[in-house]
Amino acid sequence: MSETIEHVKCLIIGSGPAGYTAAIYAARANMAPVLYQGTQPGGQLTTTNEVENFPGYPDGVTGPEMMMQLQAQAQRFETDVRDGWVTKVDFSGPVHKVWVNGTKEVHCDTVIISTGATAKYLGLESEQKYLKLGGGVSACAVCDGFFYRNQEVVIVGAGDSACEEAHYLSKLCKKVTMLVRRDEFRASKIMEARVRNTENIEILFNTNTDEVLGDGQVVTGVRTKNNITGALTEIPATGFFVAIGHKPNTDIFKDYLDLDETGYIINVPGTSRTNVEGVFVSGDAADHVYRQAVTAAGTGCMAALDAERYLAAKEAVVHA
Ligand code: NDP
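Fair warning: this is a prediction, and the values are worked out from it, not measured in the lab. (Residues numbered from 1 in each chain as written. Predicted model: local features only at pLDDT ≥ 70, side-chain atom pairs only at ≥ 80, totals over all residues. Heavy atoms only, no water.)

Our focus in this paragraph is the domain arrangement of the chain. Structurally, the chain comprises domain 1 (5–118 + 247–319) and domain 2 (121–242). Relative to domain 2, the C-alpha centre of domain 1 lies at a distance of 32 Å. At the junction of the two partners, domain 1 supplies 7 residues and domain 2 supplies 8 residues. Taking both sides of the interface into account, the surface hidden between domain 1 and domain 2 amounts to around 570 Å²; carbon and sulfur atoms contribute 41%. Along the contact surface separating domain 1 from domain 2 lie 0 salt bridges. (Domains from an automatic or database assignment. Contact = heavy atoms within 4.5 Å. Buried area = accessible area lost by both parts, 1.4 Å probe. Salt bridge = Lys/Arg side-chain N within 4 Å of Asp/Glu carboxyl O.)

Okay, the packing of aromatic side chains next. Evaluated as defined, the whole model comprises 6 aromatic pairs. Here Phe280 and Tyr310 contribute two aromatic rings whose centre-to-centre distance is 6.0 Å and whose plane-to-plane angle is 70 degrees, an arrangement assigned as edge-to-face. Here Phe280, found in strand E19 (residues 279–281), pairs with Tyr310, found in helix H7 (residues 293–319); they are 30 residues apart in sequence, far enough to count as distant. With respect to class, Phe280 is no different from Tyr310; both count as buried. Sitting above the plane of the Phe77 ring, Arg28 keeps its charged end 5.0 Å from the centroid. The ring of Trp99 is capped by Lys88, whose NZ or CZ atom sits 4.3 Å from the centre of that ring. (Phe/Tyr/Trp six-rings, centres within 6.5 Å; stacked < 30°, edge-to-face > 60°. Helix = DSSP H or I, 4+ residues; strand = E, 2+ residues; numbered from the N terminus. Buried < 20%, exposed > 50% of the residue type's maximum accessible area, 1.4 Å probe, protein only. Lys NZ or Arg CZ within 6 Å of the ring centre and 35° of its normal.)

Below is the structure:
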C-alpha cells in the first residue's frame, strides 16, 4: 500500500446534522470516524437564520450556531473533522476507496454518506440578494413559515412540495399567492385539490417571477409576468418561498449505488444500508419526503449504528 493511502474504519462524508450525528455515535462506539466537511461546512442549515423546531432549543438557535455546537459535540468524542471535498469514489471492490480534493486516497471499512441535497432556486439576482441577506427568501416553509404569521407571502412551484408548503403557509399567513409557470399543476391530484380548496391561497397560472422586490433589506413584494400576455403585476408580500425541487448531492455515487430517478440514494427500507455492503446513507441524500434537521440527525444515528453492527459482524466472522 502506497504511503499516500490512508486507511480509516469509518469515513463520514458531509457535515450537516446527519453527518455530525453519525460522527457522535460512531466516535462513541470507538470507530474513530473521520468526517470530511465538503464545500459547505455545516450544510443547508448554515443558510437558515433561526431554527425553532429542533427539539432541545426552547428559545431557538441560529443555523450556524447549531452546526457549530454539533461539530463541537462530535469533536468532543475525537471525531477527526477535516476540510475537504470528496471528488470520487470506487465502491466496486472489497475495500471502499474515496478520493479527497482529487488527490488524497482513503480506504474505508465503512462509509456513511451524508452529502445532503441542495434546494433549487430560480437564479434571479434579486432572489439571491434577499436570500443572502436573510430578508424574506426561503426554500423551506416548515422552517421559516412561522416568521410570516398573519402576513402575505408568495410561493413559486407546482409540484407536491409547493402544494404541501402552500397549504402549510395558508394556516399561518393571511394570504398565499402561488405562481405556477404552466397552465396546470405537476402535483398529485389530491395535493392540487387541497390548495385549490383553500380559501386564502390564490393560484396564478402561466405566471413567472420577474423580480423579487424589496427595500434593500427585506422583501416587500414580487413582480410577476404572465407568460401569455406579457402583463407585469406587483404582488405585495413579505416572504418569497421557492419550492421548485431539490437536487440530492449524489452525482459521485451514481456508478455504484442505486439511485431513484431524481438521484436520491435508495436505502434498504427501515435501515440506512445501501446496495453496497459497508456503505450507508443518512439525511437528505436519501430523503425527499421529510428533509428536516431532526430527521436527518435521526438517520445519522441509524447509519452509525448500522455501520458499527456491520463491522462487529465482520469481525465475528474473522474470529470464528
Ligand atoms: P417536482 O420536480 O415534482 O416539482 C417541481 C415544480 O417546480 C414543478 O411544478 C415545476 O414546474 C416547478 N418549477 C421548476 N423550475 C421552475 C422555475 N424555474 N420556475 C417556476 N417553476 C418551476 O419537485 P417537488 O419538490 O415538488 O417534488 C419532488 C418529489 O417529491 C416528487 O416525486 C414529489 O411527488 C415528492 N413529494 C411528495 C410529497 C408527499 O407525497 N407528501 C411531498 C413533497 C414531495 P413544471 O411542472 O412546469 O415543470
